[in-house]
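Listed below, chain by chain, are the residues.
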Amino acid sequence: QVQLVESGGGLVQAGGSLRLSCAASGLTFSSFAMGWFRQAPGKEREFVAAKSWSGGNTYYADSVKGRFTMSRDNPKKMVYLEMNSLRPEDTAVYYCSADHYGLGSSSASQYIYWGQGTQVTASS
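Reading the values: the criteria
Residues numbered from 1 in each chain as written. Predicted model: local features only at pLDDT ≥ 70, side-chain atom pairs only at ≥ 80, totals over all residues. Heavy atoms only, no water. Phe/Tyr/Trp six-rings, centres within 6.5 Å; stacked < 30°, edge-to-face > 60°. Helix = DSSP H or I, 4+ residues; strand = E, 2+ residues; numbered from the N terminus. Buried < 20%, exposed > 50% of the residue type's maximum accessible area, 1.4 Å probe, protein only. Lys, Arg positive; Asp, Glu negative; His and termini not counted. Salt bridge = Lys/Arg side-chain N within 4 Å of Asp/Glu carboxyl O. Polar contact = N/O pair within 3.5 Å; in protein donor to acceptor, adjacent residues only side chain to side chain. Contact = heavy atoms within 4.5 Å. Core = buried A, V, L, I, M, F, W, Y, C linked by side-chain atoms within 4.5 Å.

Asker: Looking at this structure, I do not really get the packing of aromatic side chains. What am I missing?
Answerer: In this description, a pair of aromatic rings is defined by centroid distance and the angle of the planes. Tallied over the entire structure, the rule returns 5 aromatic pairs. On the basis of an interplanar angle of 70 degrees and a centroid distance of 5.7 Å, the ring pair of Phe37 and Phe47 is categorised as edge-to-face. Taken together, the residues Phe37 in strand β4 (residues 33-39) and Phe47 in strand β5 (residues 46-51) connect sequence positions 10 residues apart. Since its relative accessible area comes to 14%, Phe47 is described here as buried. Between Phe37 and Tyr111, the ring centres sit 5.1 Å apart and the planes meet at 75 degrees, which makes this aromatic pair edge-to-face. Here Phe37 is found in strand β4, whereas its partner Tyr111 is found in the loop between β9 (92-99) and β10 (113-114), with 74 residues between them in sequence. By relative accessible area, Tyr111 is classed as buried at 4%.

Right, dumping it as structure tokens:
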């Protein structure tokens, strides 16, 4: 049974930082590209960041470039999202996801496994 479990969300003031973690189990982690998506109330789920199976390629949404950093630890089956200079518009539920094609994509349809999400709130 595949599980992706996010943690690290919370409430911070604008300009603050948070580090999200995602623990994966039940899959050959090193074969999957991993992604982070987010969904704000009343909005569609949107791409945040993705990293290929080897970690050699990383992709970011324009809205988070220079502020967010995604990393992965294959032996530990962990994915991280370091979020700095948070803005109120970053407020959303953040989801960890796994893409079996392995290359990383901004398209949610590529991802076959999803976590339950963790709430991030940046207050102004």
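We are not done yet, so read on.
Asker: Before we go on, may I ask you to explain the side chain of Lys51 in this structure?
Answerer: Looking at the secondary structure, you find Lys51 in strand β5. Here Lys51 is buried and forms no salt bridge, its nearest opposite-charge partner Asp73 lying at an N-O distance of 12 Å. Among the polar contacts listed, one links the side chain of Lys51 to the backbone oxygen of Gly55, at a separation of 3.5 Å. Side chain to side chain, Lys51 and Thr58 meet in a polar contact 2.5 Å long. Those residues in contact with Lys51, other than ones at most four positions away along the chain, are Ala33, Met34, Asn57, Thr58, Met70, Ser71 and Arg72.

Asker: Could you clarify how one ought to interpret the nonpolar core in this entry?
Answerer: Across soluble globular proteins, nonpolar side chains show a tendency to be buried alongside one another. If you look at the biggest cluster of nonpolar residues, it comprises 32 residues, and the most contacted ones within it are Met34, Trp36, Val48, Phe68, Leu81, Met83 and Tyr94. The set of elements that each furnish at least two residues to this core consists of β3 (18-25), β4, β5, β7 (68-73), β8 (78-83), β9 and β11 (118-123). If near-sequence neighbours (up to four positions away) are discounted, Tyr94 is found in contact with Glu6, Leu20, Phe37, Arg38, Val48, Phe68, Leu81, Met83, Gly117, Thr118 and Val120.

Asker: Where do I start with the pattern of salt bridges in this structure?
Answerer: It is possible for side chains bearing opposite charge to pair when their charged atoms get close. One pass over the full model with this rule turns up 5 salt bridges. Notably, a salt bridge pairs Asp90 with Arg67, separated by 2.7 Å at the nearest N-O pair. With Asp90 in the loop between β8 and β9 and Arg67 in the loop between β6 (58-60) and β7, this pair connects stretches of sequence that are 23 residues apart. We note that Asp90, like Arg67, is buried. Beyond isolated ion pairs, a larger network of salt bridges with shared partners links Arg38, Glu46, Arg67 and Asp90.

Asker: Explanation requested: unusual backbone geometry in the structure shown.
Answerer: Excluding glycine, a negative phi dihedral is what most residues carry, and trans is how most peptide bonds are arranged. For Lys77, which is not a glycine, the phi torsion comes out positive at approximately 55 degrees. Here Lys77 lies in the loop between β7 and β8. Here Ser85, not a glycine, exhibits a phi torsion of approximately 50 degrees, which is positive. Of note, Ser85 is situated in the loop between β8 and β9. For Ser85, a relative accessible area of 42% translates into the label partly exposed.

In short, shape yes, function no, at least from these values alone.
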